[in-house]
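Structure assessment
The primary structure of each chain is shown beneath.
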Amino acid sequence: MPAFNLILKPAQIEIILKPNAIFTQAYEVTNNSSGTLLLSTSVSPWIPADNTGTVTYFDDPNPSLKFSLSNADLKLGQDFLLNPGQKKQLVFKINNPSTEESDHYLTFFITQKPLNSALGGHQNLAKIGSHLLVSTSSKSTLTSNLRISKFSLNPIIKDIFTPLKINGEIFNNGNHYSHIDGQITIYKNGQTYWQQNLFPYTTTSQNSRLIHCLNFQDEVIPCQLKIPLWPGSYQGTITLNGNVSKYEYSFQFFIFPYSIIISISLLFLLLFFLLKPKQSISSRR
Amino acid sequence: MKIQMKLNLLILVFCFWFLVSPIKAQHFSSPSYFIDWGNFNITSGRKSSTNYQLTDTVGQNAPGVSEKNGIRVKSGFQYIYDTFTGLSFTIDKLNIDFGTLTPGVGVTDTNLLTVTTPSGHGYQITAQQNHPLWISPSLFIPNTACDLNDCTASFSTPWITTNKYGFGFNVTGIGATAYFSDSTYFRPFADLSDNQSPVIIASENVPVKNREATVNYRVLISSLQAAGDYENYITYTLVPKY
């Protein structure tokens, strides 16, 4: 059995917290390690680091939200033991004492501590965290304001035998985090040629996420049109279903049978050069 | 007055019988118990064959995914499987013992980190050492600067020579390729004693199951290194991608 194996559920929660409201979330932590673990809890704020969901932590000495554990035997930051195979429910409480409208991005951490103080100087340690995305607002429903940015189609030369990848970012211009809810539709001759739902990433306020598609197994896949593509003009639309209004981004592209034309041209050239000397030899005779 | 009351009662009875539509729920009874269910799930579960996987719920009222105003409802038992997977982090061993070091001979050891993430989330693993390998703050093995003195806690470069002393690490695995080009690329750990923040050593944007990353530690000392027990500890942090 491994020296450290911890499972934390859920991995992320997203809530809207009204002024003076209290939210309670039960976390389940399971120790599947070979030995007893000494653990502690904490909360750290983060900011998005890029457009892929990576986070960067920072210190916030005066958080506007108040955090605590409702467990009778445990306070936030207090050490506790978890035996091998044991599960523990941690009832985490968030209190919003302010009326400020803003977003708070945090991680609820379970941190391992050295069980034996003699090992404290050289025993590797581990932390595992679950994200909390909290919008503080007096409203129950927050307006999403997602937009397409940095859109591109690859490759630039669009051939019938080259898969076409749809790239781009979805930027959240709103004041609160929002889920991507939409689809990409490609039309040819006015009829739907291809349609795929966008992966419902959470996009934090004033930040963007890369566009990815969702397959039938609820998995992330690149948004890509499979080959062969029929030559001609195509129209595309990316629809983002906001909770107030629908946003549409339109684009178009042209598929040309470059590879076939180049292949035929090369064949003709080859035949031309192969036949030309023979003709000249025969004409000399 | 009595006629009025009777009339009201008659209207109530009429409304009850003719205007209220019956609830088509499941009703079970025994001499001791009544059980009323909103729906009757006949079967549900997870099935698979070589090429297909199926999760289903039979008997559920209005099964499926519904969505409005950003709120998604997944109705049916098959969606419970999404909630079974938590964020899981495994480290094979917590004590790394390099044994007795010989000057000019690089000594290595490994740690295997294993990650499972729930549906819809990638992961990032960061690492940080509390301080360099040391006996005391003045007696330490330096953090590696790699062969060309150009690697940092956030930038890996080759470290294969035996005359560039220090302590560093490399990570191999699918999630680490963006941070370490190959197994010859090393870097020092982010150093808490130098106020350095933890640095990402492996990450992926898609959900993973039992994804492994191997941390290869390397320590190389000069003949001038003082004898003694040099110690530090590394903290590995796993969080999902939001």
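On a predicted model such as this, the values are computed, not experimentally measured, just so you know. Residue numbers here run from 1 along each chain, matching the order of that chain's written sequence. Following the order in which they are written, the chains are lettered starting with A and the ligands numbered starting with 1. Where local features are concerned, this predicted model is filtered to residues with pLDDT of at least 70; where side-chain atom pairs are given and counted, the filter is 80 or more; whole-chain, interface and lining totals use all residues.

1. A look at the interface of chain B and chain A
Taken together, the contact between chain B and chain A spans 36 residues of the former and 36 residues of the latter. Runs of E in the DSSP output that reach at least two residues are strands. Runs of H or I that reach at least four are helices, and both are numbered from the N terminus. Among the secondary structure elements, those contributing two or more residues to the side of chain B that touches chain A are strand S7 (87-91), strand S15 (199-204) and strand S17 (234-240) of chain B. At 7 residues, S17 of chain B tops the list of elements feeding residues into the side of chain B that touches chain A. Ten residue types, Ala, Val, Leu, Ile, Met, Phe, Trp, Tyr, Cys and Pro, are classed as nonpolar, four, Asp, Glu, Lys and Arg, as charged, and the remainder, Gly among them, as polar. Of the residues assigned to the side of chain B that touches chain A, the class counts are 15 nonpolar, 16 polar and 5 charged. Residues are scored as being in contact if the C-beta atoms we place from backbone atoms lie within 7 Å.

2. Thoughts on the sheet that holds S7 of chain B
With respect to topology, 8 strands assemble into an open sheet ordered S6(A)-S8(A)-S3(A)-S1(A)-S7(B)-S8(B)-S16(B)-S13(B), the strand pairing being antiparallel. Both edges of this open sheet fall to strand S6 (66-69) of chain A together with strand S13 (166-172) of chain B, since each of them pairs with a single strand only. Taking the axes of each pair of neighbouring strands and ignoring which way they run, one obtains an average angle of 20° across the sheet. What makes two strands pair is DSSP finding at least two bridges between them. As paired elements, strand S3 (residues 22-31) of chain A and strand S8 (residues 87-95) of chain A share 9 bridges and run antiparallel to each other. If you follow Ile 22 of chain A over to S8 of chain A, its bridge partner there is Asn 95 of chain A. Helix axes are fitted to C-alpha atoms over the stretch in contact, other axes to C-alpha atoms as well, and angles between N-to-C directions run from 0 to 180 degrees.

3. A word on the environment of Val 206 of chain B
Turning to its location among the elements, Val 206 of chain B is positioned in the loop between S15 and strand S16 (211-220). Residue burial here comes from a neighbour count, namely the number of other C-beta atoms, placed from the backbone, that lie within 10 Å of the residue's own C-beta, with 20 or more meaning buried, 12 or fewer meaning exposed, and in between meaning partly exposed. Its 16 C-beta neighbours within 10 Å are what place Val 206 of chain B among the partly exposed residues. Separated by 34 residues in the primary sequence, Val 206 of chain B and Pro 240 of chain B have C-alpha atoms spaced 10.0 Å apart. Those residues in contact with Val 206 of chain B that lie beyond four places of it in its chain are Val 220 of chain A together with Gly 122 of chain B.

4. Considering the nonpolar core
Joined through C-beta atoms within 7 Å, a set of buried Ala, Val, Leu, Ile, Met, Phe, Trp, Tyr and Cys residues constitutes a nonpolar core. Counting 57 residues, the largest nonpolar core has Ile 125, Val 171 and Leu 238 of chain B as its most contacted members. Tallying contributions element by element places strand S10 (residues 125-136) of chain A first for this core, with 5 residues. Not counting the four nearest positions on each side in its chain, Leu 238 of chain B is found in contact with Ile 128 of chain A together with Leu 87, Phe 89, Val 115, Tyr 123 and Ile 125 of chain B. Core analysis: the next-biggest nonpolar cluster, separate from the first, contains 18 residues, Leu 164, Ile 186, Phe 199 and Leu 240 of chain A among them.

5. Things to note about the pairing of strand S9 (residues 102-113) of chain A
Residues and elements named next belong to chain A. Where strand S4 (residues 37-48) lies against S9, 8 bridges are found, and the strand directions are antiparallel. Among the inter-strand pairings, Leu 38 is bridged to a residue of S9, identified as Lys 113. Where S9 lies against S10, 10 bridges are found, and the strand directions are antiparallel. Across the sheet, Asp 103 pairs through a bridge with Ser 135, a residue of S10.

6. Quick word on the domain arrangement of chain A
Accessible area lost during the coming together of the parts is what is often quoted as the interface size. Residues and elements named next belong to chain A. Domain boundaries shown here were taken from an automatic or database domain assignment. For chain A, the assigned domains are domain 1 (6-136) and domain 2 (146-258). Its C-alpha centre places domain 1 at a distance of 35 Å from the equivalent point of domain 2. The interface of domain 1 with domain 2 comprises 9 residues on the first partner and 11 residues on the second. Every element with two or more residues in the side of domain 1 that touches domain 2 is listed here: S9 and S10. When its residues are assigned to classes, the side of domain 1 that touches domain 2 shows 3 nonpolar, 3 polar and 3 charged.

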